[in-house]
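Here is what each chain is made of, one letter per residue.
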Amino acid sequence: MQVITTDVVVVGGGAAGCYAALQLAKKKIEAVIVCKGLVGKSGASLFAGNLVIGGGLLGNTPEQGSNTAEFLIKYHNQFLIDQNWAKRCGQWIENVYYPELEEAGLYFRRDDDGNVVTNPGKIRSVAANTQGNSGVPFMDLRRKQVMKAGIRRLEETVVTSLLRRPDGSVCGVFTVNCMTGEYSVVLGRAVVLATGYSDRLHARSTGTREMSGDGIAMAWRVGASLVNLEMQWWHTNDVAHPPTWQRIQIYPNPVLGSEHSARMVNSAGEEFFNQQVDDPMAFGPYTVQLKALVKQVHAGKARYDGGYYAGFDHLDPKEIDAYTTYGKPFYQLGRDPRDGPLETAVTAHYRQGGILVDNSNMRSSVPGLYVAGGVSGHSNGLIALVTFDGKTVADGIAADIGQLERGTLSEAEVELERRRIEAMLATPGDGFTPVVVKEQIRRIMWEKAGIEKSHASLTSALDDFERLRTSVLPNMKIRNRTRVANYEWLDVIDVHNMIDAAELIVHSSIERRESRGPFMRTDFPDTDNENWLAANIMVKTDNGFRFEQSPYELPFFQPGFARRNNMSVPW
Ligand SMILES: Cc1cc2nc3c(=O)[nH]c(=O)nc-3n(C[C@H](O)[C@H](O)[C@H](O)COP(=O)(O)OP(=O)(O)OC[C@H]3O[C@@H](n4cnc5c(N)ncnc54)[C@H](O)[C@@H]3O)c2cc1C
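Fair warning: this is a prediction, and the values are worked out from it, not measured in the lab. (Residues numbered from 1 in each chain as written. Predicted model: local features only at pLDDT ≥ 70, side-chain atom pairs only at ≥ 80, totals over all residues. Heavy atoms only, no water.)

Draft legend 1. Structural view of the site of the ligand. Inspection of the region around the ligand gives 41 residues, with Ala 44, Ser 45, Asn 50, Tyr 197 and Asp 214 positioned closest. Backbone polar atom of Ile 383 to an oxygen atom of the ligand: 2.8 Å apart, as the coordinates give it. Out of a free accessible area of 1000 Å², the ligand has 99% covered by protein chains. Among the secondary structure elements, those contributing two or more residues to the shell around the ligand are α1 (15-26), β7 (157-164), α5 (214-221), β16 (342-351) and α10 (383-400). A total of three residues in the shell around the ligand trace back to one element, the largest contributor, which is β7. (Near = heavy atom within 4 Å. Polar contact = N/O pair within 3.5 Å; in protein donor to acceptor, adjacent residues only side chain to side chain. Areas by Shrake-Rupley, 256 points an atom, 1.4 Å probe, with all protein chains shown as cover. Helix = DSSP H or I, 4+ residues; strand = E, 2+ residues; numbered from the N terminus.)

Draft legend 2. Focus on the packing of aromatic side chains. Applying the stated criterion to the full structure yields 21 aromatic pairs. Ring geometry for Tyr 97 against Phe 138: centres 6.4 Å apart, planes inclined by 40 degrees, an arrangement best described as tilted. You can see Tyr 97 sitting in helix α3 (residues 83-103) and its partner Phe 138 sitting in helix α4 (residues 135-148), a full 41 residues away along the chain. A centroid spacing of 5.7 Å and a plane angle of 75 degrees characterise the contact between Phe 545 and Phe 547, whose relative ring orientation is edge-to-face. (Phe/Tyr/Trp six-rings, centres within 6.5 Å; stacked < 30°, edge-to-face > 60°.)

Draft legend 3. Representation of the layout of surface pockets. Counted as a void, the second largest pocket has a volume near 440 Å³. Along the walls of the second largest pocket sit 16 residues, with Gly 132, Arg 247, Ile 248, Thr 325 and Lys 328 positioned nearest its centre. Of all the elements, helix α9 (residues 328-332) adds the most residues to the lining of the second largest pocket, at three residues. Of the residues in the lining of the second largest pocket, the class split is seven nonpolar, seven polar and two charged. Each of domain 1 (49-133) and domain 2 (235-348) contributes no fewer than three residues to the lining of the second largest pocket. (1 Å grid on protein atoms, 1.4 Å probe; cavity = no way out; pocket = protein on both sides within 12 Å on 5 of 7 lines; lining within 4 Å. Points joined across faces, edges and corners; volume = space filled by probe spheres on them. Nonpolar A, V, L, I, M, F, W, Y, C, P; charged D, E, K, R; others polar. Domains from an automatic or database assignment.)

Draft legend 4. Molecular detail of the sheet that holds strand β12 (residues 232-239). Read from one edge to the other, the open sheet built from five strands follows the order β12-β16-β15-β13-β14, with strand pairing classed as antiparallel. Taken across any chain shown, the strands that pair with only one partner, and hence form the sheet edges, are β12 and β14 (271-274). Each adjacent strand pair in this sheet contributes to an overall mean axis angle of 40 degrees, direction not counted. Bridge count for strand β13 (residues 263-265) against strand β15 (residues 308-311) is three bridges, and the pairing is antiparallel. In the strand pairing of β15, Val 265 is matched with Tyr 309. (Pairing = 2+ DSSP bridges. Axes fitted to C-alpha atoms, helices over the stretch in contact; angles between N-to-C directions.)

Draft legend 5. Representation of the domain arrangement of the protein in the model. We note that the domain assignment places domain 1 (49-133), domain 2 (235-348) and domain 3 (415-546) within the protein. Centre-to-centre, using C-alpha coordinates, domain 1 lies 35 Å away from domain 3.

Draft legend 6. View of the packing of helix α13 (residues 455-472) against helix α14 (residues 487-511). Where α13 contacts α14, the two axes come as close as 10 Å, and the packing angle between them is 155 degrees. In terms of their interaxial angle, α13 and α14 are classed as roughly antiparallel. Relative to α14, α13 is oriented so that their crossing is left-handed. Judged by residue contacts, His 455, Leu 458, Thr 459, Ala 461, Leu 462, Phe 465, Glu 466, Leu 468 and Arg 469 of α13 engage Ile 499, Asp 500, Ala 502, Glu 503, Val 506, His 507, Ser 509 and Ile 510 from α14. Residues of the contact of α13 with α14, tallied by class, amount to nine nonpolar, four polar and four charged. (Parallel < 35°, antiparallel > 145°, perpendicular 65-115°, else oblique. Left-handed = near helix turned anticlockwise from the far one by under 90°. Contact = heavy atoms within 4.5 Å.)

Draft legend 7. Quick peek at the pattern of salt bridges. Under the counting rule described, the total for this entry stands at 41 salt bridges. Of the charged contacts in the structure, one is a salt bridge between Arg 303 and Glu 343, with a shortest N-O distance of 4.0 Å. One end of the pair, Arg 303, is in the loop between α7 (286-298) and β15; the other, Glu 343, is in strand β16, with 40 residues separating them in the sequence. We classify Glu 343 as partly exposed; its relative accessible area is 22%. (Salt bridge = Lys/Arg side-chain N within 4 Å of Asp/Glu carboxyl O. Buried < 20%, exposed > 50% of the residue type's maximum accessible area, 1.4 Å probe, protein only.)

Draft legend 8. Geometry of empty space enclosed by the protein. Under the counting rule described, the total for this entry stands at four cavities of 30 Å³ or more. If you add up the space inside the largest cavity, you get close to 70 Å³. Breaking the lining of the largest cavity down by element, the ones donating at least two residues are β8 (170-177) and α14. No other element matches the four residues that α14 contributes to the lining of the largest cavity. Taken together, the residues that form the lining of the largest cavity break down as seven nonpolar, two polar and one charged. What lines the second largest cavity is His 202, Leu 229, Glu 230, Gln 232, Trp 234, Met 445, Ala 449, Lys 453, Ile 505 and Ser 509. Every element with two or more residues in the lining of the second largest cavity is listed here: β12 and α14.

Draft legend 9. Quick look at helix α2 (residues 62-75). Here α2 contains 14 residues, and its C-alpha end-to-end distance of 19 Å stays within 8% of the 20 Å for a straight helix at 1.5 Å per residue. Of all 14 residues in α2, ten are buried; the element is thus mostly enclosed. Along α2, the residues that are buried comprise Gln 64, Gly 65, Asn 67, Thr 68, Glu 70, Phe 71, Leu 72, Ile 73, Lys 74 and Tyr 75. Elements that come into contact with the buried residues of α2 comprise β4 (51-52), α3, β12, α7 and α10. (Expected span 1.5 Å × (residues − 1).)

Draft legend 10. Structural detail: the packing of α3 against α10. Packing of α3 against α10 leaves a shortest axis separation of 10 Å and a crossing angle of 95 degrees. For the element pair α3 / α10, the angle class is roughly perpendicular. The segment α3 lies against α10, with Trp 85, Arg 88, Cys 89, Trp 92, Ile 93 and Tyr 97 engaging Ile 383, Ala 384, Leu 385, Thr 387, Phe 388, Asp 389 and Lys 391. Tallied by class, residues from the contact of α3 with α10 come to nine nonpolar, one polar and three charged.

Here is the structure:
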């Protein structure tokens, strides 16, 4: 088995992982990126549609700068965010992030006069080349930068567990190369988990094939505390059919260079959301759209998995074709956007929560384990915000490096993990194939821990998971025993992470006894700022877990009420 030694192991090759490795390299700290897919080509990062600008960038007025901060804190995080962190991050985005991207040659879309195109309105954004496709050139740039910096990459290689020193601190990872089936160990002084958050844990999800909650499951196994796992975000308007299009959006959000955007229409043909009319404040008003949809579902005029529509039939297609890819799904279906809207459905999108970190250095609660990006639970993602995490974690590790010992190999621990993974290839069962079990987990999450949930539905989900654990998982059927490119084997590895992550999310959902933005409990319909304007922290104990609450400070923006029905809260 290959053993690689480095300073820092970065797990994940999205926006956060790449930037962490680049910043470490700048500081002469060697990093190896281990990535389940290709660096820059896997995970959520390449799906970023546009890039929000803040502060005084591109002629933003002080009011627009303040609106962007308000959007981030209220609409994007429902106040579950350290507002001082948000301020630091905003300043860095303005002063470093955008200038650095321009210098590196990322092209921000210009109009014929050479001006960068933004959307008008209270909160503005830009696109790298085209709105709807910004993540692709962005991550192509990151991939090139990583290669140019000579950073070693283990691609299409899944990390299956975190390895520890005898004192419990994290010092490496165990990996399986998905193409060859070979095992390796990568040892470092520290490990950065940057595995993202858009996990495919629900029947519909924007997450990619690689996203199976691995970061959460692995961190929990080594004892890291988790936070706000229940805070799941939903896209209200992804294409309903075919299922492979479930992350293709018909955004009712601002269109670049236009005053208009998509509108939402119910099964009776009635418009029920139009951004310009209903919510000009929120740039990405998913929660506002979701609440509008919930009312339609309650009225029997939509379902969460379809039966309502979004589209651009109220505007000239030239407006959407000028700077966006938003017409593409219509054209690919042989339709004109003016023909009428497309059927859309809800999709699980970001998870705001994740691994508990100290956001000043991205340390987790386990020594040696650092976290960056979406899998950290301190802020709902956006490509700029997760990049700031990459910078912060590199600064944090650089400050700690003198105290971080070189990684040491525990042959017993490695052998244990090798046997665990090997047994997954040799599963003797004749039950369901792992891909069917994945679908079962996603169905349970969708139906019982989905958009609207209650204590009864959540505990019923736990019962279902228990049944899967005892009678389905040990009996999974693997038809393909090869080690080479065996995605069925990878599916078994994923299933174990998915069920662990899903159960943790459900426990966390039971604990938060309120409704807040996209988190909707039918048995606790109020947003309860008296008791729940707090981080919901899950701490591992010898015999399970316990919850702790940590209230958020509110130095700049406050909700302005103690308790109110979530459906009447504007954010
Ligand atoms: C459909 C969609 C639209 C979006 N639109 C926007 C937008 O318009 N603007 C914006 O700013 N943001 C947008 N975002 C959010 C943005 O893309 C994310 O905030 C950001 O990309 C998260 O970056 P990350 O590095 O944390 O995770 P990711 O980019 O998800 O990267 C995770 C990485 O971890 C790897 N990985 C996972 N598990 C393992 C494992 N076990 N072993 C090894 N590697 C592993 C994956 O292969 C991947 O490389 C969007 C996201 C989606 C899904």
